[in-house]
Amino acid sequence: MDLSTPLLLFGAIGTLLVTLNVFTVLRYTLLARHDLPRWADFVPALALVAMLAHANVGLGMDILMILLALPLYLATIVLFLATLVRVFQRRGDRRAPAARFRWLKAAGALVCAALVLLSAVRQTEMYGYTWGNLARYAVLSQPPHGADLSDQSWSQAFVGLVAKLKAEYPFTAHKGIDWDTRYAAFAPRIAAAEQAHDAKAYYHALREFAWSINDPHVDLEGDDGGLAEAEVGGSFGLTLLPLDDGRLAVSGVAGGDPARAGMRPGAEIVAWNGVAATEALAQTSIIWSEYAPSTREGLRLQQARFLTRGPVGATAAITFRNSGEATARTVALTAVASELTATSGPGPSDLVRSSVESRVLPSGYGYIRVRYELPTLRGLPDALVQQAVAGFAAAKVPGIIVDVRNNFGGEEGLASRILTPFYGEERLMHYLGMVDPAAGVFRPYPGSRLAISPVQAPYQGPVAVLIDNYSHSAAEDIAFFLQNLPNGIAVGLSGTAGGGGASAQGVALPGGYTFVFPKAQQLDDAFAIELEGDGDGNGGVEPDVRMPADDATAAALGAGRDVALEQAEATLNAQATSSAETPARAR
């Protein structure tokens, strides 16, 4: 698919829309006292038509284009409504508004002008980014595409879904998936749900099938019918941390029953409902997590998270032992309603927030928090990171900490540009491995090369990147390439999610559900798969400096300390001390 034509059309209509809105703003400000021709009354209506055309073209390319155009659309609608009455008035019936109304309209017009200007600037930035990545988008738009199986029976659609995954899922060999065996395990459940007309059992089977693939980019979209709320909508008020020695510890107490029972951060969970803690952990389902972990570590962390969840009002008998106490005790806890989501994509409010936060820490190190690799009305994240790094370099900070924890990902192209100020030479980020439909195998796709563009004066100081198991997709690329700098190091309590897929395609299923899976592999310069978790649960970015998951760490987390940030600062301090001592020993 050639995106250059719709992109040019989108830009042309956008320019027209901005021009029409600017004219209307001038009409209510500088031209307010002038008697304009009759056609001027119809300019806002023409702008409304242009807005609809603009949105229609944008939806065919990228929803981000529409999001960044929302202030422009809002201004268009307000200006249209403000002028609507004049459209139906005869020229002789129009009277000049009273002075106070003229000033009110002028103020409103200036607000609309600010919205138009903001949106125009952000759209221009996104337009330039998209134009520069047309070749990559063209590759990702190649066949195969999604499928619509929604008019088939549940069982027939499941047959088609598995057949499509068998032919087009990019990590079948990497994860060692036997699709026939997988089909045999789930098809009877789909058939039984269909025979019983049990929509919830049907959804549950699809959800478990999706999560069994262990791929953070696989998802099942659609209404779960209240199943998540019914099964894990309640919390027992605890946060748990699997320890390095195999035990399970309390790393957070929200209050309520656990606090009243005297449970403290650092306490060991001995048993859960009479079952040994390690066994209870292994039996815990994680199908309601935001995405399926692809690593063994990620699975264990999610199991620790969902062990503490259950239906609202459910009870659990928990045997625990506080640190320093010889005797374990058992208490009954009740699950109370509690928000489930720990990480997700940006919501409507995030459109006006910055995707990047930067500041100088009390320790003197520069700190950059990247929330996601997507543009907002506050700017593109790559430009914000580049500004922050330049400011830190000018201030001569002793090092920079880049935080990509709890980062769900975003645009790979923006991730490569976020890395630019740290590289003095071009570095391959990845190729895309795409299926060859004729041969039925995945190959590196020509024209898919994505590289990190260098700068003349890259940042030379030490760089620490903070990671966790919620560092996902494009965030993992940032972590990986910062870690691989000569002056870079990754710090975390856990590794990243292990989501190395690219793009997505969806299969529409009966019941209003869409099964989403990645379309492409990310390949390194040897055309080996990057980052994606394999069949043994290995993948993602591993920390160079991993804090021990022990009783002290659990207690520190329970006290609200950011142990990863503290460790990053300590590591950078140690590096600075080592660098200062080395010349002295040489002399």
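This text goes with the structure placed above it.
Below or above, wherever it landed, is the structure these notes cover. Because the structure is a prediction, the values reported are computed rather than measured.

1. Description of the pattern of salt bridges
A side chain of one charge can pair with a side chain of the opposite charge if their charged atoms are brought near each other.
Phase 1: A full pass over the atoms with the stated rule returns 22 salt bridges.
Phase 2: Residue E357 is joined to R371 by a salt bridge in which the shortest nitrogen-to-oxygen separation is 3.6 Å. Of this pair, E357 sits in strand β12 (residues 356-360) while R371 sits in the loop between β13 (366-370) and α14 (381-395), and the two are 14 residues apart along the sequence.
Phase 3: Here R405 and D562 are joined by a salt bridge, their closest N and O atoms 2.8 Å apart. You can see R405 sitting in the loop between β14 (400-403) and α15 (412-418) and its partner D562 sitting in the loop between α17 (551-558) and α18 (563-586), a full 157 residues away along the chain.
Phase 4: According to the relative accessible area criterion, R405 is buried, its value standing at 15%.

2. Things to note about the nonpolar core
Phase 1: By size, the foremost hydrophobic cluster in this structure holds 38 residues, and its most contacted members are F158, Y169, F209, L509 and F515.
Phase 2: Those elements that place two or more of their residues in this core are α6 (154-168), α8 (179-195), α9 (199-211), α10 (227-232), β21 (505-509) and β22 (513-517).
Phase 3: Sorting elements by how many residues they give to this core places α9 first, with seven residues.
Phase 4: Sequence-distant contacts of L509, defined by excluding residues within four places in its chain, comprise L149, S150, A157, L161, Y202, L206 and F515.

3. A short note on the sheet that holds strand β19 (residues 488-492)
Phase 1: If you trace the six strands from one edge of the open sheet to the other, you get β12-β13-β14-β18-β19-β24, paired in mixed fashion. Since the sheet does not close on itself, it has two edges, and those belong to β12 and β24 (545-546), each with one partner.
Phase 2: Summarising the sheet, β12 and β13 pair through five bridges and their orientation is antiparallel. Across the sheet, residue V360 finds its bridge partner in β13, namely G366.

4. Focus: the side chain of S354
Phase 1: With respect to the element layout, S354 can be found in the loop between β11 (336-337) and β12.
Phase 2: Overall, the relative accessible area of 13% leaves S354 in the buried class.
Phase 3: When neighbours within four sequence positions are excluded, S354 is seen to be in contact with R371, T376, R378 and L384.

How each quantity is defined
Residues numbered from 1 in each chain as written. Predicted model: local features only at pLDDT ≥ 70, side-chain atom pairs only at ≥ 80, totals over all residues. Heavy atoms only, no water. Salt bridge = Lys/Arg side-chain N within 4 Å of Asp/Glu carboxyl O. Helix = DSSP H or I, 4+ residues; strand = E, 2+ residues; numbered from the N terminus. Buried < 20%, exposed > 50% of the residue type's maximum accessible area, 1.4 Å probe, protein only. Core = buried A, V, L, I, M, F, W, Y, C linked by side-chain atoms within 4.5 Å. Contact = heavy atoms within 4.5 Å. Pairing = 2+ DSSP bridges.

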